[in-house]
Amino acid sequence: MSGVARRTLAPLAVVTAAAFVFALLLILVRLNWAPLESVDHGGAARLNSLVAGHPAVVSVVKAVTWLGSSGVLWTLTGLAVVVVAIRRRWRLAIYLLVAGAGALTLDPVLKALVGRLRPVVAHPVAYGTGDSFPSGHALGSIVCYGALFLVFLPATRGAGRRVFTAVISTLIAAIGVSRLLLGVHFLSDVLGAWALGITWLGVTAFAFELSRQATGVPVANPVAEGLEPEARTDLQPAEPETTMNHDRVRQYGRIAAGIVVIWVLIIGVLTGIGKLIMITHNGNGNLLGDTTIPHWFAAHRTPSLNHLSLIASNLGATQDILIVSVVACVVFLAVTRRWRPVIFVAVVMFGELGAFLIVEEIVKRPRPDVPHLDSGLPTSAFPSGHMAATTCLYVAIAILVIGHARGWWRYLFLIPAIVMPVMIATARMYRGEHHPTDILASVLFAALWLTTATMLIKPNEDAFRHGRLPQGLRRRNAAERSEETTPATA
């Protein structure tokens, strides 16, 4: 019993101290206590002078502060919830949602209650919206990254655990400091947010421990062991691979070399087609309707169709493709517990991006000679990057789902693999950004590249070798069947 008391006393003291610090800062800020105001304003001015006039430093600081934005935090939290839910760790999924929702609620409520204005500095390099106390970035980052630390800590061991702890701690500290350097928060805003975040993490972790005790699970030390130490196997990204021998290394080397060689050949074919179009003066000619079709679309534009085409076109933009790719990788890794599907998606998408940038830079085909609905496009027309990326991504997802899943529903993933490219192609031509031959070249590239990656990487090989159910789920199903049949056998 004394061991349990020793383990729980220190965290309780830290949480109590953090709650006291936050309450004190809240009162002093609300009362506009002169000494604190003097320190805050003086610190804001000095920190602003450190970065003002250094654009490179400002860019780095803004990149760090972006990691504490609500979009990034909720994306990471959502992906983590998906992973632990797929691994059937429902309590951990609920904990992540509750912790994140608390930070999302506390920040605007407290800002409205205090009503503190943001700092006014001599050389502003960034601007914040809303009130100042507490810092939303600092609060959100300590709660979300702290919750991820407590959930996934059991999956780490030894040096990996020390690295994991150092990365999370450094990230939280860096985001808070970035808000000070950008001049959008006072020191007390960040300190108050950290104190509140520690308090909220402590309260939610304590509630989680109570739920474990209610089910008879032994008490754990969340800071040292994580919230659920027994979930270590389920929280690991993938199951351990067998020992890597020289034959396997050579095999992987041959596969990588083959992928690179064929990728270069595909780029050569696509570049040759593009150059042939330009040499024959068909840059804006009517080859395969390259003039007729864009002009027909331009003549039939309406405000409603313009808006719809923008929505459809954005679904093939870099940001949307990146989000879907990351989500797909996380889901396939969580379900299959194999790295092969993730490697397949990564190779397909990075290969597509590299090929597109190389070919368009060499060919330099002009856009169709119609009014363009998109302005300031950084690349040329041939091939269509939107079309190539969309086709590669959604067809790759369909290949993986059909290869790993069971049941008729897996073939439903052929629908987005067909509909999405057609929609993107139509939208890009409607908006006057691509000729039909640009679209056809992207389809040709996607077909050749997907075929190459599928044949060499064999993304569904593990599914056929181990069965289509993930190994962790197979073990559980076998255990459940054993429990069901044991009484009957007895």
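Rules of the game
- Residues numbered from 1 in each chain as written.
- Predicted model: local features only at pLDDT ≥ 70, side-chain atom pairs only at ≥ 80, totals over all residues.
- Heavy atoms only, no water.
- Helix = DSSP H or I, 4+ residues; strand = E, 2+ residues; numbered from the N terminus.
- Buried < 20%, exposed > 50% of the residue type's maximum accessible area, 1.4 Å probe, protein only.
- Contact = heavy atoms within 4.5 Å.
- Core = buried A, V, L, I, M, F, W, Y, C linked by side-chain atoms within 4.5 Å.
- Phe/Tyr/Trp six-rings, centres within 6.5 Å; stacked < 30°, edge-to-face > 60°.
- Patch = residues over 30% accessible without salt bridge, like charges linked within 9 Å, V, L, I, M, F, W, Y side chains within 5 Å.
- Areas by Shrake-Rupley, 256 points an atom, 1.4 Å probe, with all protein chains shown as cover.
- Salt bridge = Lys/Arg side-chain N within 4 Å of Asp/Glu carboxyl O.
- Expected span 1.5 Å × (residues − 1).
- Arc of directions from axis to C-beta.

A.B. asks: I'm lost on the overall build of the protein in this one. Help?
C.D. replies: In terms of helices and strands, the protein carries 20 helices and zero strands. A principal-axis box enclosing the C-alpha atoms of the protein has dimensions of 80 × 80 × 45 Å. Expressed as a percentage of its 490 residues, the buried residues of the protein come to 45%. When contacts within the protein are restricted to residue pairs at least 6 apart in sequence, those whose partners lie at least 24 apart make up 80%.

A.B. asks: Quick question: what am I supposed to make of the nonpolar core here?
C.D. replies: Across soluble globular proteins, nonpolar side chains show a tendency to be buried alongside one another. Residues V84, L92, Y95, L96, Y145, V151 and L227 are the most contacted members of the largest nonpolar core, which totals 48 residues. Elements represented by at least two residues in this core include exactly α1 (2–30), α4 (70–86), α5 (90–114), α6 (136–152), α7 (158–181) and α8 (187–214). It is α6 that provides the largest number of residues to this core, a total of twelve residues. In this structure, Y145 is in contact with L67, V72, L73, L76, G140, I168, L171, I172 and I175, ignoring residues within four places of it in sequence.

A.B. asks: Teacher, can you tell me more about the packing of aromatic side chains here?
C.D. replies: Aromatic rings in a pair are described by how distant their centres are and how their planes are angled relative to each other. Evaluation of the coordinates by the stated rule reveals seven aromatic pairs. Judged by centre distance (5.4 Å) and plane angle (75°), the ring pair of W296 and F297 falls under edge-to-face. When its relative accessible area of 15% is taken as the criterion, F297 is described as buried. These aromatic residues form a ring-pair network of at least three members: W296, F297 and Y430.

A.B. asks: What should I look at first to understand the environment of V363 in this one?
C.D. replies: Residue position: V363 is located in helix α15 (residues 340–363). As a C-alpha pair, V363 and V84 span 279 residues in sequence and 46 Å in three-dimensional space.

A.B. asks: Hey, could you run me through a nonpolar patch on the surface in this one?
C.D. replies: A surface patch of nonpolar side chains, amounting to about 1,000 Å² of accessible area, comprises W408, W409, Y411, L412, F413, L414, I415, I418, V419 and V422. Mapped onto the secondary structure, F413 falls in the loop between α16 (385–404) and α17 (414–430).

A.B. asks: It is not clear to me how the pattern of salt bridges should be interpreted in this structure. Could you clarify?
C.D. replies: Two side chains that carry opposite charge are able to pair once their charged atoms sit near each other. The final tally for this structure, using the stated rule, is 14 salt bridges. Between D107 and K111 there is a salt bridge whose closest N-O contact spans 3.6 Å. Here the residue D107 and the residue K111 both occupy positions in helix α5, the gap between them amounting to four residues, near one helical turn. When its relative accessible area of 12% is taken as the criterion, K111 is described as buried. Bridged by salt links that share partners, the residues E37, D40, R116 and D189 form one connected network.

A.B. asks: Hey, could you run me through the environment of L333 in this one?
C.D. replies: Positionally, L333 belongs in helix α14 (residues 318–336). With a relative accessible area of 14%, L333 lands in the buried category. For L333 and V83, which are 250 residues apart along the polypeptide, the C-alpha to C-alpha distance reads 8.5 Å.

A.B. asks: Help me out: how do you make sense of the side chain of E37 in this one?
C.D. replies: Looking at the secondary structure, you find E37 in helix α2 (residues 34–51). The residues touching E37, leaving out its near neighbours within four places in the chain, are N32 and R116.

A.B. asks: Help me out: how do you make sense of unusual backbone geometry in this one?
C.D. replies: For residues that are not glycine, phi is negative in most cases, and the peptide bond is trans in most cases. Here the amide bond leading from F133 into P134 is cis, since omega sits at -10°, within 30 degrees of zero. Inspection of the secondary structure assignment puts P134 in the loop between α5 and α6. Following F382, the chain continues to P383 via a peptide bond in cis, the omega torsion being -10°. With respect to the secondary-structure elements, P383 resides in the loop between α15 and α16. At N32, a residue that is not glycine, the phi angle is positive and equals roughly 55°. Backbone geometry places R337, a non-glycine residue, at a positive phi of 60°. Summarising the element assignment, R337 is placed in the loop between α14 and α15.

A.B. asks: What am I meant to see in helix α3 (residues 55–66) here?
C.D. replies: Residues three or four positions apart in an α-helix share a direction because the helix packs 3.6 residues into each turn. Spanning twelve residues, α3 covers 16 Å between terminal C-alpha atoms, matching the ideal 16 Å at 1.5 Å per step. Of the positions making up α3, those classed as buried are V58, V61 and T65. Taken down its axis, α3 places every buried residue within 65° of arc, on the same side. Residues of α3 that are exposed and angled more than 90 degrees away from the buried face: A56, V60 and W66. Tucked inside the fold, the buried residues of α3 contact α2, α6 and α7.

Without other data, these values stay purely geometric and don't point to any function.
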